[in-house]
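# Remarks on the overall topology
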Amino acid sequence: MNKYILIFISIIFTASFLNANSANLKATIIGSGSPMYNPNRAGPSVLITQGNTSILVDMGNGTQANINKLKFNIRNVSALFFTHHHLDHNEEFVPLFIRSILGRKNFTIAGPPNTNKMVSSTFELYKEDISYRLSKSRRNLQDRQNSFVSKELKGGESFNINNIKVSTQKVPHSIYAIAYRFEYNNQSIVVTGDLTYTKDLSSFARKANYLIIDSGGMTMQNQSRKKRPSNTNKLNKRKQGKSAKNRAHLNLSESSLIAKNAQVKNLVYTHFRSGEINKEKSLNEIRKNYKENVIFAQDLMQLN
């Protein structure tokens, strides 16, 4: 009898653990690559989940393939978010958007200016195709044309996607860009997309469990050093020509300083260019500011 009681207790404990674990806020790195094609890394994309709520942030090349590897059905997505409208971050929006419409859930689309234009023009262009595919399940366009809400963000907004609180922050980049903070039950994850340095991000990411950030300035294996200018005049011209206004990405000193000032628990680098990372040299630079846990993202890596 005692044996069966122990088995019963074990089953109850396991079920309780799984239920608690499913309630956690999680991030999965769907794609950790850059604009250049890389067979080992899909384009930038992060999946935020909590229970039955799922938010896909950015949709670079290869997002669909990696989502399928996770056995995640995009028709069940709760929201599609853009950090900014560069092709390597929104390249697979069209098929993911259409597949979401073909589902049976309502969902939200959000991003910086031009998001509404992108959504409405895509829907208009493909509405006959959508209507045809819906007819296979005896539905029509009217059944699903109000299934999604599209909103444009300027930064500074807060709203909820089911149980997940979403906060936004405008960050400097070559075009309008938004960073997102996701919070649930004292857990927090910040996703920046691409950006240059801003001290405001440290306040926005304050004590986050994970800060997922642009890997600009990462040292790569066999990286050749650029030749220094032969005289002071050339050096000054180079500095003037490459002002902060013309830059599009952080360097490691800047990203690690943001993480240090924010006191984040884990600093996660993503958006890597092709090649192998020199982790030792990169960490030497990062450790000048940030002493906590550093993670070099890989596709399908889960952050719990």
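Residues numbered from 1 in each chain as written. Predicted model: local features only at pLDDT ≥ 70, side-chain atom pairs only at ≥ 80, totals over all residues. Heavy atoms only, no water.

In this section: the side chain of Thr83. Within the fold, Thr83 resides in the loop between strand S4 (79–81) and helix H3 (87–90). The exposure class of Thr83 is buried, given its relative accessible area of 0%. A distance of 2.7 Å separates polar atoms of two side chains, one belonging to Thr83 and the other to Asp58. Side-chain polar atoms of Thr83 contact the side chain of His84, separated by 2.9 Å. In contact with Thr83, other than residues within four places in its own chain, are Val57, Asp58, His89, Pro112, Tyr176, Ala177, Ile178, Tyr180, Thr192 and Gly193. (Helix = DSSP H or I, 4+ residues; strand = E, 2+ residues; numbered from the N terminus. Buried < 20%, exposed > 50% of the residue type's maximum accessible area, 1.4 Å probe, protein only. Polar contact = N/O pair within 3.5 Å; in protein donor to acceptor, adjacent residues only side chain to side chain. Contact = heavy atoms within 4.5 Å.)

The next point concerns the packing of aromatic side chains. Summed over all chains, the structure comprises 11 aromatic pairs. Aromatic pair Phe81 and Phe182: ring centres 6.2 Å apart, planes at 20°, arrangement stacked. Here Phe81 is found in strand S4, whereas its partner Phe182 is found in strand S9 (residues 177–184), with 101 residues between them in sequence. Take Phe81 and Phe182: they sit in the same class, and that class is buried. (Phe/Tyr/Trp six-rings, centres within 6.5 Å; stacked < 30°, edge-to-face > 60°.)

Turning to the nonpolar core, a few remarks are in order. With 54 residues, the main nonpolar core has Ile48, Ile55, Phe81 and Phe182 as its most contacted residues. When residues in this core are grouped by element, the largest group, six residues, is from S9. What Phe182 contacts, discounting residues up to four positions off in sequence, is Leu25, Ile48, Ile55, Val57, Phe81, Ile164, Lys165, Val166, Gln187, Ser188, Ile189 and Val191. Core analysis: the next-biggest nonpolar cluster, separate from the first, contains 24 residues, Leu56, Met59, Leu102 and Phe123 among them. (Core = buried A, V, L, I, M, F, W, Y, C linked by side-chain atoms within 4.5 Å.)

In helix packing, the relevant descriptors are the interaxial angle and the interaxial distance, both defined with respect to the helix axes. At a minimum axis distance of 10 Å, the contact between helix H4 (residues 93–101) and helix H5 (residues 115–135) shows a crossing angle of 50°. Judged on the interaxial angle alone, H5 and H4 are oblique. H4 and H5 meet at a crossing whose hand is right-handed. Here H4 contributes Phe93, Val94, Phe97, Ile98 and Ile101 to the contact with H5, which in turn contributes Met118, Val119, Thr122, Phe123, Tyr126, Ile130 and Leu134. Residues that form the contact of H4 with H5 fall into these classes: 11 nonpolar, one polar and no charged. (Axes fitted to C-alpha atoms, helices over the stretch in contact; angles between N-to-C directions. Parallel < 35°, antiparallel > 145°, perpendicular 65-115°, else oblique. Left-handed = near helix turned anticlockwise from the far one by under 90°. Nonpolar A, V, L, I, M, F, W, Y, C, P; charged D, E, K, R; others polar.)

Buried within helix H9 (residues 252–262) are the following residues: Leu252, Glu254, Ser255, Ser256, Ile258, Ala259 and Ala262. Where H9 is buried, its residues contact helix H7 (200–204), strand S11 (210–214), strand S12 (266–270) and helix H10 (279–286). The distance from a side-chain oxygen at the start of H9 to the backbone nitrogen of Ser253 is 3.2 Å, and the residue carrying that oxygen is Asn251. Of the residues trailing H9, Gln263 is marked for its positive phi of about 55°.

For strand S2 (residues 45–50), the buried fraction is high: six of the six residues fall into the buried class. One ladder, built from five bridges, connects strand S1 (residues 26–31) with S2; its direction is antiparallel. Opposite Ile29, over in S2, you have Val46 as the bridge partner. Bridge analysis of S2 against strand S3 (residues 53–57) gives five bridges, and the strand direction is antiparallel. By the bridge assignment, Leu47 is partnered in S3 with Leu56. (Pairing = 2+ DSSP bridges.)

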